[in-house]
Amino acid sequence: RRSNCFFTLLRDSFFDDDDMDLLETIARPASISIKNAKLFESEKKVKELSTILDISKEITSTLDLDRVLLTIVNLSSQLIEYDKAAISLFDDEKYDMAAVSGEELLNKEDQKTVDLTNVHENLTAVSQNGSKDLYVGNIEEYEKNKAALPKLIEYMKKYELKAFWGKTLKDEEGIVGVLSFESKN
């Protein structure tokens, strides 16, 4: 009743009957659209959670490290868009590129792989100083940052990347490796 009273006051003051009919006509599809959007978001979340569950099942179904790493870099594309995902592992005080999306057999001598491994090493240096991950969505802005990593800037420019996200992977014993995603769009 209060809302009717409120609309009556508004109608008497600002809107005539034709305006009210028009507003009602707009309100009905708006309500349906809002409901549909909420349903779509719910379905999207269900799909994302289902994909995460599928990835988790695949990862935990094997003790084959290479298969686990390839699963991570390849199946992540079902959740987010990227051009390349990569994981390097930290062992014996150095990094070794272990998996790159779309590559069953990794050529560790490939220049881009070597360059990315160097970027992963630099990310860990940042991580040891307190930061857990690094996201660059605008290379020009990132370059202005005094804490910017020169190797990352060089890498992004050389391979014409628009975005880069890297995360140092840690467990209770320390650094395990680095996971990164990159995009040209």
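Scroll up to find the structure.
The rules behind these values
- Position numbers for residues count from 1 along each chain, tracking the sequence in the order it is written.
- Local features in a predicted model are, by the rule used here, given only for residues with pLDDT of at least 70; side-chain atom pairs are given and counted only at 80 or more, and totals for whole chains, interfaces and linings are based on all residues.
- Values shown for side chains rest on all heavy atoms present in the structure; no hydrogens or waters enter the calculation.
- The patch calculation keeps residues exceeding 30% relative accessible area without a salt bridge and links them within 9 Å when they carry like charges or within 5 Å when they are nonpolar (Val, Leu, Ile, Met, Phe, Trp, Tyr).
- Areas reported here follow the Shrake-Rupley algorithm with a probe of radius 1.4 Å; residue values treat only the protein chains shown as occluding.
- Note on definitions: salt bridges are taken to be side-chain nitrogens of Lys or Arg within 4 Å of carboxyl oxygens of Asp or Glu.
- Helical segments are the DSSP runs of H or I of at least four residues, strand segments are the runs of E of at least two, and each set is numbered from the N terminus.
- Here the term buried applies to any residue with accessible area under 20% of the maximum for its type, exposed to any over 50%, and partly exposed to those in between, with areas from a 1.4 Å probe on protein chains only.
- In this scheme, strands are said to pair when DSSP sees at least two bridges between them.
- Interaxial angles span 0 to 180 degrees and are taken between N-to-C directions of axes, which are lines fitted to C-alpha atoms, for helices over the stretch in contact.
- Residue contacts are defined here by distance: any two heavy atoms, one from each residue, within 4.5 Å place the two residues in contact.
- What qualifies as a polar contact is a pair of N or O atoms within 3.5 Å, subject to a donor-acceptor requirement within protein and to the restriction that residues adjacent in sequence count only when both atoms come from side chains.
- Here a Phe, Tyr or Trp ring, Trp counted by its six-membered ring, pairs with any other such ring whose centre lies within 6.5 Å, and the pair is stacked when the planes are under 30 degrees apart, edge-to-face when over 60, and tilted otherwise.

(A) Highlighting a nonpolar patch on the surface. Judged by side-chain polarity, F15, L22, L23 and I26 come together as a nonpolar surface patch covering roughly 360 Å² of accessible area. Positionally, L22 belongs in helix α2 (residues 17-60). Owing to a relative accessible area of 51%, L22 belongs among the exposed residues under this scheme.

(B) Layout of the pattern of salt bridges. The final tally for this structure, using the stated rule, is six salt bridges. The salt bridge involving K108 is made with D96; its shortest N-O contact spans 2.9 Å. Pair noted here: K108 is in the loop between β2 (94-100) and α4 (111-128) and D96 is in strand β2, with a separation of 12 residues, a long-range link. Residue K108 is classed as partly exposed on the basis of its relative accessible area, which comes to 38%. Of the residues examined, D96 reaches a relative accessible area of 31% and is grouped as partly exposed. Note that E143 and K157 form a salt bridge whose closest N and O atoms lie 2.6 Å from each other. Within this pair, whereas E143 is found in helix α5 (residues 139-144), its partner K157 is found in helix α6 (residues 150-158), the two being separated by 14 residues in sequence. Using a relative accessible area of 47% as the deciding quantity, one classes K157 as partly exposed.

(C) Up close: the sheet that holds β2. Across the sheet, which stays open at both edges, the five strands sit in the order β2-β1-β5-β4-β3 with antiparallel pairing between neighbours. Each edge of the open sheet carries a strand with a single partner, namely β2 and β3 (133-136). If you compare each strand with its neighbour and ignore which way they point, the axes differ by 20° on average. Across four bridges, the pairing between β3 and strand β4 (residues 163-171) is antiparallel. The residue of β4 that forms the bridge with D133 is K167. Here α6 sits on the sheet in contact with β3, β4 and β5 (174-183), set at roughly 135° to β4.

(D) Here's a closer look at helix α3 (residues 65-75). Within the span of α3, buried status applies to V68, L69, L70, T71 and V73. On its buried face, α3 is in contact with α2, β1 (84-91) and β2. Its side-chain oxygen placed 3.2 Å from the backbone nitrogen of D66, D64 serves as the N-cap of α3.

(E) Just the environment of M156, in detail. Its place among the elements puts M156 in helix α6. Judged by relative accessible area, which is 1%, M156 ranks as buried. Sequence spacing of M156 and K184 is 28 residues, and the spatial spacing of their C-alpha atoms is 9.1 Å.

(F) Structural view of the packing of aromatic side chains. Taken as a whole and assessed by the stated rule, the structure comprises five aromatic pairs. Ring centres of Y155 and Y159 lie 5.0 Å apart, and the angle between their planes is 55°; this geometry places the pair in the tilted category. Accessibility expressed as a relative area gives 14% for Y159, which makes it buried. Ring centres 6.4 Å apart and planes at 80° place the aromatic pair Y155 and F164 in the edge-to-face group.

(G) Molecular detail of the pairing of β1. In terms of strand pairing, β1 meets β5 through six bridges, oriented antiparallel. Across the sheet, A86 pairs through a bridge with S180, a residue of β5. Note: β1 against β2, six bridges, orientation antiparallel. Opposite S88, over in β2, you have M97 as the bridge partner. Taking the residues between adjacent antiparallel strands as the criterion, β1 and β2 are bridged by two residues, where D92 takes a positive phi near 55°.

Geometry only, nothing functional implied.
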